[in-house]
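Commentary on secondary and tertiary structure
Below, each chain spelled out in residue letters.
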Amino acid sequence: MTLAAASLERRPPRTNARSLLVALGRLVSAFLLTLAGAILAMQMLLHLAPGDPVDLVPGGEQVRSVLEAEWGLDTPLVARWGRYLARAATGDLGTSLTWRPGAPVAGLVLPATARSLGLALPAVGLALVLGTLLAWATAGRPSRRRRMVQVLSIAPVFLLAFVTVNVLNEAAWILLERGLIARPSWFALPDTESGVKTVLAIVVLAVGSGSLAEVHAAVEDEIVRIRNAPFVDAARARGAPLAPHVLRSLVPPLVTLTANRTAFFVGGLVVIEKILLLNGAGAMLWQACIARDAPLAMGLALVAAAVVCAARLLGDIVRLSVDPRLREPRP
Amino acid sequence: MTMSSSRCPCRPYPGAGSLAAALLAFALPASAVPFRYAEDLAPGIVHPLYTTTMAEARISELVFDGLYTDDPQLASTPGLALSAGLSPDGREMTVRLREDVTWHDGAPFTARDVVFTIQAMKDASTLSTESGRVAWIDQAVLVDAHTVRLVFRQPERRPEDKLHFKILPAHLFPETPIRRTGTFRHRPVGTGPYKVISFNEDNSITMRAVSGEGDPAGLAEVAMREVSDKNYQAKLLLYESLEALVRVLPRDLAVLQNHRKVELYPYQTNSWWYLGFNLDRTPYDEPSVRQAIAALIDIDALLAPIGTGDVVSGPYVPSSPYCNHQVPRFEHQPSQADALLSEAGFVKEARTWTRNGQPLRLKVVSHRTLESSQEVVINLQSQLREAGIGVEPEFLDDASWKARIWRERDYDLVLSQWTFDRSEDVYDQFHSSGTRNFTGYANPEVDTLLEKARTTTDPQVKKTALREVHRLVHDDVPMVFLWTLDSYAAFSSRVHNVVIHPFYFFTWVQNWRME
């Protein structure tokens, strides 16, 4: 049960403005707490990691006390956390310390996040569409196709990307060398910016590390369950087409699945962006952690947490809108 | 100049038989291609006062100029300077500057820029990594718009050799100190042959030749590409997606050297690898233990899998004038090592050296980005384990490295390398007060010699002093001196007239040509 659904299900039988406000308040509180928790987690991780940003400033040791005071590293972790939250509430995410010294974090994070969402959202959509189509084809049938999907999808994202890049490059190079094709605009991966590289990232993210297999398995289970449900039997007895019933019933589990997988896709971005040299929020988070650039890493954690929370919230809203049972009061 | 790549002929695919070919045939318009070279990590800032990596030094070489630069024989030759006169006592130098130079923003270059740069570097609040380069200058005095007088702390014999640091445009800074977070970091303005056009979304940096600078047949545009995965770098050169690799990995040499579209350029670097002891830790504070460990290491066997090079015997590479060729290299002598360890009170029990019941174990630390360090450490582990000494390897990222090695000094043995510019100054590494002396090495005789080498104006005295430093440091074994690797740059065969500066790489880029 997700948070929004739980909040709304606990409302009294007669909806009124007060209870709606309470439910919304709970949602917003949970959202803000998640963001604060994500920032604290990132701050603690960087704190526990050996070294700090001063270590990465040339000659920093000689002016450690000056830099620590300037960057607010001379106060306890909790105080730093509180100060960061207070500043973030006003929209000030600080400035990068070591990775892009002096650059405003918001100016770095927002374009990178937009680029990453351009990969993650289509990847989520592709995983759902592919998973659903494959599940439709395999549900209730011998499991050979299912195993094929699982074998393809079980390859980790980094391996799938590495192999695909090398196969595409080698194939193109052989054809080029023989004069069979003109030089493709995307060639050679992963250096050249092109739509092919973006599509490759989306496909690998959607398929690799078990994403497709998990979506496929979950949807297939749902399809089997729905096909055996009494209301489908009734429709079948009436001679009505089954597909609309099954598809409509699939929406809530698909939405839940999407919301749950969002965090996974956000995590996968770090890997795929590093391998394909895509300069999104995932690659930036990696660099920020290596550079112990706490403001930048926390800004990215904040945005990532917001994206995951927003996906869950959106999922709840969609489920409530399509599933009337969730809108009814509990006995 | 318009440059075009010599791609293979764009003959359309004749038949419809190959789906793959059709899918792959997104034609690239025949357009100008810049000279593209790869770096593992793009510079965070382009600012000659805060250069910390070789990638940053290379970009600075393209964008900025110094008063003097190197000619192809590595002798100092005027850059922004026109002429200079040294006072008879060697304590002052009057430098006449070129009047035909403008900054990339159009402002004229003047003596004020030189005075400002020196003052900014000397200002402790600037926190410049390059401050040591001007520590020997006491004062920079503006004489007129194109003349500056430099007053030195000590008499100097060849001050022009130290006047290679890059000059900043004073008109873009309100005052000293300079801040590394100022806007100049991403809007650098220099007088060099290339100006920065853009810092791109993919972390690449595009530079364009300054009109009127150099030969118009030179490279019109230079692009620094960040290719963080070293596995791809050589491939991208072969695929003609890059024009140059600054340094070829040893494992890629075999593929590249036989490829018809690639030229390899060997170049000498003043860099050497070492295994440095933590001299404040027992038992590595005992010279005999250090000598024993050095004698247990088969340096040739460590070098062979990672490339070719010369084994070094001390802190100067064999080609250096300061190398003492009388000093023998560390040899693999297990029997001598056994004798030394026995003398130091160790006994070999169950094939392990122990003292007072404690086994001899080394925590060997290396930087994660040091090429081939994993192969070296694993082979070292195998060699020492065979000899009865345990090895605990660890690979650290930059921040962990600084904290563990420099601040906490939590290691027994560190595998790393030092790279030096033309001055080959090892003062900071081996003087007891040196800022880079992380091993804790202290020898009063070495201190005196290093101080003498810094202050003398007589090159022969300097040479004699540093050759003695070479011998003393070798004998004290604060580190096991390993090797200087042969370095190769790889260029597409479309690039001609390439001469590489061993340290700054792009010093003579204006002579390079591309088909």
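Residues numbered from 1 in each chain as written. Chains lettered and ligands numbered in written order. Predicted model: local features only at pLDDT ≥ 70, side-chain atom pairs only at ≥ 80, totals over all residues.

1. Some remarks on the overall build of chain B
Put simply, the rule is: Helix and strand definitions here come from DSSP, where helices need a minimum of 4 consecutive H or I residues and strands a minimum of 2 consecutive E residues; each element is numbered from the N-terminal end. C-alpha atoms define the radius of gyration in this analysis, and the globule rule sets the expected value at 2.2 Å times the number of residues to the power 0.38. Residue burial is a threshold on neighbouring C-beta atoms within 10 Å of the residue's own C-beta, all placed from the backbone, with 20 or more meaning buried, 12 or fewer meaning exposed, and counts in between meaning partly exposed.
Within chain B, the regular secondary structure consists of 13 helices and 25 strands. For chain B, whose C-alpha radius of gyration is 26 Å, the value lies close to the compact-globule estimate of 24 Å for 515 residues. Over its C-alpha atoms, taken along the principal directions, chain B stretches across nearly 80 × 70 × 40 Å. A burial count over chain B gives 43% of its 515 residues as buried.

2. What about the overall build of chain A?
Selection criterion: By the criterion used throughout, residues are in contact when their C-beta atoms, derived from the backbone, lie within 7 Å.
Each helix and strand counted, chain A has 14 helices and zero strands in total. Each helix (α) and strand (β) of chain A, taken in turn from the N terminus, gives the series α-α-α-α-α-α-α-α-α-α-α-α-α-α. Overall size of chain A, expressed as C-alpha extent along the three principal axes, is 85 × 75 × 30 Å. The 331 residues of chain A split such that 41% are buried. When contacts within chain A are restricted to residue pairs at least 6 apart in sequence, those whose partners lie at least 24 apart make up 72%.

3. Details of the sheet that holds strand β6 (residues 137–144) of chain B
Residue and element names in this part refer to chain B. Test applied: Whether two strands pair comes down to DSSP finding at least two bridges between them. Axes here refer to lines fitted to C-alpha atoms; in helices the fit is confined to the stretch in contact. Angles between the N-to-C directions go from 0 to 180 degrees.
An order of β4-β5-β7-β6 is seen for the four strands of this open sheet, with the pairing classed as antiparallel. Every interior strand has two partners, whereas the edge strands, β4 (81–86) and β6, have only one. Between one strand axis and the next, the sheet turns by 20 degrees as a mean value, whatever way the strands run. Sheet topology note: the strand β5 (residues 92–97)/strand β7 (residues 147–152) ladder contains five bridges and is antiparallel. Across the sheet, the residue bridging to M93 is L150, located in β7. Of the strands in this sheet, β5, β6 and β7 are in contact with helix α3 (residues 111–122), which crosses β6 at around 160 degrees.

4. A short note on the environment of B:D202
Tracing the chain through its elements places B:D202 in the loop between β8 (194–199) and β9 (205–209). On the neighbour-count criterion, B:D202 (14 C-beta atoms within 10 Å) is partly exposed. For the pair B:D202 and B:V227, spaced 25 residues apart in the sequence, the C-alpha separation amounts to 9.9 Å. Here B:D202 is in contact with A:E193, A:L277 and A:N279, once residues within four sequence places are set aside.

5. Thoughts on helix α7 (residues 157–177) of chain A
All names here are of chain A. To be explicit about the condition: Here a helix's expected span is defined as the number of its residues, less one, multiplied by 1.5 Å. By construction, the arc corresponds to the directions joining the helix axis to the C-beta atoms.
Counted at 1.5 Å a residue, the expected span for α7 with its 21 residues is 30 Å, and the 30 Å between its end C-alpha atoms agrees. Every buried residue belonging to α7 is among V157, L160, A161, V165, L168, N169, A172, L175 and L176, and all of these are buried. Around the axis of α7, the buried residues are gathered within 145 degrees of arc, so they sit on the same side. Opposite the packed face of α7, turned more than 90 degrees from it, sit the exposed residues V163, V167 and E177. Looking one or two residues beyond α7, the residue adopting positive phi is G179, at roughly 75 degrees.

6. A word on helix α4 (residues 230–238) of chain B
Judged by how many residues are buried, α4(B) sits mostly within the fold: seven of nine residues are covered. Burial in α4(B) covers these residues: B:Y232, B:Q233, B:A234, B:K235, B:L236, B:L237 and B:L238. Among the structural elements, α7 of chain A together with β1 (35–39), β11 (244–245), α5 (250–257), β12 (262–267) and β23 (487–492) of chain B are those in contact with the buried residues of α4(B).

7. Section: the environment of B:F277
Counting through the fold element by element, B:F277 comes out in strand β13 (residues 271–277). Ignoring sequence-local partners within four residues, the contact set of B:F277 consists of B:Y284, B:R290, B:L413, B:T439, B:P478 and B:M479.

8. Examining the confidence of the model for chain A
The condition is simple: Across the chain, each position has a pLDDT score giving the predictor's confidence in that residue, from 0 to 100.
Mean pLDDT over chain A works out to 84, with 92% of the residues at or above the 70 mark. Per-residue pLDDT, averaged within each element of chain A, yields its smallest value for helix α1 (residues 3–9) of chain A (48) and its largest for helix α8 (residues 195–207) of chain A (93).

9. Section: the sheet that holds strand β18 (residues 361–367) of chain B
Residues and elements named next belong to chain B. Pairing within the open sheet is mixed, and its five strands lie in the order β19-β18-β20-β13-β21. Bordering the open sheet on either side are β19 (390–396) and β21 (479–481), each of which pairs with just one other strand. Within this sheet the neighbouring strands show an average axis-to-axis angle of 30 degrees, counted without direction. Pairing between β18 and strand β20 (residues 413–419): three bridges, direction parallel. In the strand pairing of β20, V364 is matched with L413.

10. Describing the interface of chain B and chain A
What counts here: Residue polarity follows a fixed list, in which Ala, Val, Leu, Ile, Met, Phe, Trp, Tyr, Cys and Pro are nonpolar, Asp, Glu, Lys and Arg are charged, and the others, Gly among them, are polar.
Across the boundary between the two partners, chain B contributes 44 residues, which contact 39 residues of chain A. Put simply, the parts of the chain that give the side of chain B that touches chain A at least two residues each are α1 (19–24), α4 and α10 (398–407) of chain B. Looking at the side of chain B that touches chain A, the element that brings in the most residues is α10(B), giving eight residues. Tallied by class, residues from the side of chain B that touches chain A come to 21 nonpolar, nine polar and 14 charged.

11. Considerations on the nonpolar core
For clarity, the cut-off: Residues enter a nonpolar core if they are buried, belong to Ala, Val, Leu, Ile, Met, Phe, Trp, Tyr or Cys, and are joined to the set through C-beta atoms within 7 Å. The split into domains, and so the bounds of each, comes from an automatic or database assignment of domains.
Counting 162 residues, the largest nonpolar core has A:L205, A:I272, A:A297, A:L300 and A:A301 as its most contacted members. In terms of residue count, the dominant contributor to this core is helix α13 (residues 294–322) of chain A (14 residues). Looking at which domains feed residues into this core, each of domain 1 (19–62 + 192–243 + 494–514) and domain 2 (68–172) of chain B gives three or more. When neighbours within four sequence positions are excluded, A:I272 is seen to be in contact with A:V157, A:A161, A:A201, A:V204 and A:L205. Counting 64 residues, the second-largest nonpolar core is a separate cluster that includes B:W272, B:L279, B:F330 and B:L482.

12. Quick notes on the packing of helix α12 (residues 444–455) of chain B against helix α13 (residues 459–476) of chain B
All names here are of chain B. Heads up, the condition is: The scheme is simple: roughly parallel for angles under 35 degrees, roughly antiparallel for over 145, roughly perpendicular for 65 to 115, oblique for anything else. Each crossing gets its hand from how the near helix is turned against the far one by less than a right angle, where anticlockwise is left-handed and clockwise is right-handed.
In contact at an axis separation of 9 Å, α12 and α13 are set at 155 degrees when each is read in the N-to-C sense. Here α13 runs roughly antiparallel to α12, going by the angle between their axes. α12 and α13 meet at a crossing whose hand is left-handed. Contacts between α12 and α13 involve E445, V446, L449, L450, K452 and A453 on the former and, on the latter, K462, A465, L466, E468, V469, L472 and V473. Looking at the contact of α12 with α13, its residues break down into nine nonpolar, no polar and four charged.

13. A short note on unusual backbone geometry
Cis geometry marks the peptide bond from A:F187 to A:A188, where omega comes out at 0 degrees. With respect to the element layout, A:A188 can be found in the loop between α7 and α8. The residue after B:T282, namely B:P283, is reached through a cis peptide bond having omega 5 degrees. Within the fold, B:P283 resides in the loop between β13 and α6 (287–296). One non-glycine residue, A:L277, adopts positive backbone phi at about 50 degrees. Looking at the secondary structure, you find A:L277 in the loop between α11 (243–275) and α12 (281–290). With 22 C-beta atoms packed within 10 Å, A:L277 lands in the buried category. Not every positive phi belongs to a glycine, and B:E240 is a case in point at roughly 65 degrees. Relative to the helices and strands, B:E240 resides in the loop between α4 and β11. Judged by local crowding, B:E240 falls into the buried class, with 22 C-beta atoms found within 10 Å.

14. As for the confidence of the model for chain B
Detailed conclusions should not be drawn from predicted coordinates in areas where pLDDT is low. With 93% of its residues at a pLDDT of 70 or more, chain B has an overall mean of 88. In the model, residues 1–31 of chain B has pLDDT below 50 throughout and makes 50 contacts with residues more than four positions away in sequence or in other chains.

15. Structural notes on the pairing of β19(B)
All names here are of chain B. Our working definition: With the strands aimed away from the viewer, a crossover counts as right-handed if its path from the first strand over the helix to the second runs clockwise.
Bridge analysis of β18 against β19 gives seven bridges, and the strand direction is parallel. Along β19, the bridge assignment pairs V365 with E394. A crossover links β18 with its parallel partner β19, the connecting element being helix α9 (residues 373–387), and its sense is right-handed.

16. Observations concerning the packing of helix α5 (residues 105–138) of chain A against α12(A)
Each packed pair of helices is defined by two parameters, the angle between the axes and the distance between the axes. All names here are of chain A. Packing of α5 against α12 brings their axes to within 8 Å, and their N-to-C directions diverge by 135 degrees. Overall, the two elements α5 and α12 adopt an arrangement that is oblique. Residues L108, V109, A112, T113 and S116 of α5 lie in contact with α12, whose contacting residues are A281, G282 and M284. A class-by-class count of the residues in the contact of α5 with α12 yields five nonpolar, three polar and no charged.

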